Every structure is written in C-alpha cells, then in structure tokens.
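# Structural overview
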Amino acid sequence: MNLHKLLFFTFLLVIFSCKKTEKQKINIEKPQFEFGVWTTADKDKSNADYAVEFEKYKNAGIDEVLINTHTDPLLLRRIVPIAKEKGLKIHAWIMTMKRPNDSIALSHPEWYAVSKEGKSCFDNRPYVDYYQWLCPTRKESRNHILGLIEGLAKVDGIESVHLDYIRFSDIFLPIGLLPKYNLKQETELPEFDFCYCDACITAFEKVHHKNPLKMKNTSIDMEWKQFRLNAVKRVVDEAYQIVHKYNKRLTAAVFPYPEMADHMVRQRWDKWDIDEVYPMIYHGFYNEEIDWIGFATKQGVQDVKHKGIGVNTGVYLPPFKSANELKTAILLAKDNGAKGVTFYDGNALTEDHMKMIRTVKKSLE
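Residues numbered from 1 in each chain as written. Predicted model: local features only at pLDDT ≥ 70, side-chain atom pairs only at ≥ 80, totals over all residues. Heavy atoms only, no water.

### A closer look at the packing of aromatic side chains
Stated precisely, the cut-off is as follows: A pair of aromatic rings is counted whenever rings of Phe, Tyr or Trp (Trp by its six-membered ring) have centres within 6.5 Å, and the orientation is called stacked for planes under 30 degrees apart, edge-to-face for over 60 and tilted otherwise. Only DSSP runs of H or I reaching four residues or more are called helices, and only runs of E reaching two or more are called strands; each is numbered from the N terminus. Each residue is assigned to one of three classes by its accessible area relative to the maximum for its type, calculated with a 1.4 Å probe on protein chains only: buried under 20%, partly exposed between the two thresholds, exposed over 50%. By definition, being over a ring means that NZ of Lys or CZ of Arg is both within 6 Å of the ring centre and within 35 degrees of the ring normal.
Summed over the entire model, instances satisfying the criterion amount to 25 aromatic pairs. When the ring of Trp38 is compared with that of Tyr278, the centres are 6.3 Å apart and the planes differ by 65°; the resulting orientation is edge-to-face. Of this pair, Trp38 sits in strand S1 (residues 34-40) while Tyr278 sits in strand S6 (residues 276-279), placing them 240 residues apart in sequence. Neither Trp38 nor Tyr278 differs from the other in exposure class; each is buried. Centroid distance Tyr316 to Tyr344: 6.0 Å. Interplanar angle 25°. Geometry classified as stacked. Taken together, the positions of Tyr316 in strand S7 (residues 310-316) and Tyr344 in strand S8 (residues 340-344) put the pair 28 residues apart, joining distant regions of the chain. Taking relative accessible area as the criterion, Tyr316 reaches 23% and is therefore assigned partly exposed. Using a relative accessible area of 30% as the deciding quantity, one classes Tyr344 as partly exposed. Three or more aromatic residues joined by ring pairs form one cluster here, namely Trp38, Trp93, Tyr278, Tyr282, Phe285, Tyr316 and Tyr344. Between Lys98 and the ring centre of Tyr165, over which it is positioned, the NZ or CZ distance is 4.3 Å.

Written as structure tokens, this is what we have:
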C-alpha cells in the first residue's frame with residue numbers, strides 16, 4: 001500500500017511540474033508587441049541606400065516593413081535580403097483593386113468598375129485621378145489581380161502579401177477629407193456608388209432576379225450590398241489560398257473596424273479568410289481625438305477574436321503634435337488588444353518619434 005501511495009504522489013508531482021513548465025513556456029513564447037512601417041520602394045534606389053533606410057528603422061525599434069514595389073517581384077527579391085540582414089521582416093504591399101497606371105489592365109477597358117451613373121473608372125475617376133478601380137466580380141480582372149498576388153507570393157523570404165485598397169471606391173469619404181473636395185455626403189451619391197458594370201448586373205440578376213439599376217433605392221437593398229461585400233471577400237479568400245500555397249501569410253490594410261468599413265467602402269473584413277489585418281485608424285481623417293484609436297482598435301479586435309485574426313493598429317503620423325501623443329496612441333492600441341502598431345509612413349518618422357518608439361519598446365520587453 002505504501003508503495004502505491006508513493007507512486008501516486010510521484011505521479012501527481014510529475015503532472016504539476018509539467019503544467020508549471022508548460023505555463024512557463026507559454027509565458028516565454030508570448031509574442032512581443034511589434035512595430036512596423038509602410039513605405040514605397042524605388043527601383044532606382046541603390047542597395048546601399050536601402051541598407052541605410054532599413055538600419056534607421058531597426059535602430060528605431062521597428063520590426064517589420066510593409067513595402068510597395070508596385071507589384072514588381074524582381075525589385076522585391078532584391079530588397080528582401082537587405083532587410084533581413086538588418087533583422088527586419090518584409091511584407092509585400094500591393095494596391096489591389098485600385099490599379100492606376102496598370103498597363104495590362106488599361107488594355108482592357110471593360111475590366112474597370114462602373115458607377116451608378118454609368119461612368120467607368122477607366123476614364124472617369126472619382127475624387128482623384130489615380131482612382132482607377134477594377135471590378136472584383138469580372139473573372140478576367142479578378143484573375144489579373146490574383147496573378148499579381150501570386151507573383152509576389154513566390155518571392156522567398158517575405159512574411160506576407162499585404163493587400164491594400166481591397167475594397168470598392170469610397171461611397172463615403174472620411175469626414176475630415178470632405179472639405180478638400182468641397183463635398184457633402186449625407187446619402188449614397190450615384191457618382192460614388194460602384195460597381196454597376198455588365199458583369200455585376202448579370203451575376204446579381206442570376207441569383208436575385210432583379211436589376212439594381214431599376215431599384216427605387218439601392219442604398220437599402222441588403223442583397224445588392226451583400227453581393228458587393230461578397231465580391232471583395234471572394235478576391236481575398238482566393239488570394240488566401242494562393243499565398244498559403246507558397247507558405248506565406250495574407251495580411252491587409254483595412255478601414256478602422258468592420259461595420260465602419262462596410263458602410264464606407266463595402267469592406268467587411270471580419271468575414272474574410274486572412275491571417276492579420278492592419279486597420280488604418282487615422283484619427284485626423286475623421287476629426288476624432290486620440291482616444292478614438294483605442295475605441296476603434298477594440299472594435300476590430302473583438303470582431304475577429306473568434307477567428308484568430310491578428311490586429312495591428314495603423315496610425316497616420318502628421319496629426320500627432322508630439323512624440324508623447326504618439327506614445328499615448330501606441331499604448332491605447334496595445335491596451336485594447338492590438339498585437340502591434342504600424343506607422344504611415346517610414347519617411348514621416350522624426351528623430352523624436354524614433355526615440356520614443358525605442359523607449360516604449362524597451363519598456364514592454
């Protein structure tokens with residue numbers, strides 16, 4: 001009997017020891033809070049200049065760089081080893097549905113999104129001249145985009161393909177930008193409402209047996225709205241399959257939180273197949289105070305928590321009046337569940353910003 005008791009207590013001791021070791025291991029392996037920057041590449045920039053830029057980021061406490069190479073995999077392939085040598089992660093940032101100056105797309109005018117007024121982004125661009133949007137429903141335009149994504153996914157050493165402008169054109173601009181365009185947007189205006197191309201109308205009619213162009217009020221027709229949300233989702237979900245085939249992750253820059261993104265740009269990112277999101281919580285665009293960054297971060301984190309999607313809060317540097325204000329924003333993001341903060345953009349980082357980021361990073365270790 002004594003032997004049995006001894007064996008029993010030994011067994012319990014081993015079990016509790018294992019649990020304690022496992023708990024310690026979990027604490028040790030807890031991911032650190034990461035900092036990133038968005039930046040744009042230049043094919044004429046030398047490797048030495050890239051090394052200097054990346055060294056600056058690393059010394060500032062930056063962990064990852066989301067870099068736009070204008071969908072050029074050769075330039076990306078050249079840049080990746082320079083960044084990795086400096087200890088930085090690289091994400092391949094791509095302008096997804098918005099494709100200005102895309103020479104292949106420009107040879108196919110039918111690929112472009114069409115407004116409710118019947119005007120195509122091919123030659124009638126909403127808001128600004130670079131707003132040339134492709135239709136996510138049309139098979140040919142969608143396959144063109146997915147082909148560009150695959151070209152980036154094939155590049156060795158990248159962390160993810162990072163989708164931007166993965167949405168429709170803005171049905172509503174951020175309120176802080178409206179004066180710039182001398183606009184009032186209190187209802188859905190037809191010149192900013194997309195896409196009503198033949199491919200979209202035909203596909204929608206096939207399922208719902210009605211034509212959006214003949215509806216009395218498309219802004220309250222949930223099937224028509226959901227059709228467009230699903231069109232964007234399909235591009236993302238197919239991209240997810242492609243990049244994972246190459247053992248890469250899929251990430252995206254998105255509007256502040258899902259309900260807001262749904263309302264403003266037909267983007268419901270909590271429904272996507274995606275690994276991480278970088279909501280652009282640019283408080284100055286919305287005439288909001290800094291604490292709104294915490295609010296919007298929390299909304300997004302809660303909406304995707306059940307799917308295991310990581311949230312990295314994106315902040316726009318110009319509205320911050322001091323490095324201390326930026327520090328407040330970083331801590332608000334962290335306290336509300338973000339796994340990191342990403343700055344737009346790398347060129348806007350001042351010495352004061354970088355000193356503050358280093359200090360905050362050290363305090364979080």
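What follows continues from the structure just given.
### Side note on the pattern of salt bridges
Pairing is possible between side chains of opposite charge, provided their charged atoms come close. Stated precisely, the cut-off is as follows: Every case where a carboxyl oxygen of Asp or Glu lies within 4 Å of a side-chain nitrogen of Lys or Arg is listed as a salt bridge.
Summed over the entire model, instances satisfying the criterion amount to 28 salt bridges. Its salt-bridge partner being Lys89, residue Glu34 comes within 2.7 Å of it at the nearest N-O pair. Residue Glu34 is found in strand S1, and its partner Lys89 is found in strand S3 (residues 89-95); the two are separated by 55 residues along the sequence. For Glu34, a relative accessible area of 9% puts it in the buried group. According to the relative accessible area criterion, Lys89 is partly exposed, its value standing at 31%.

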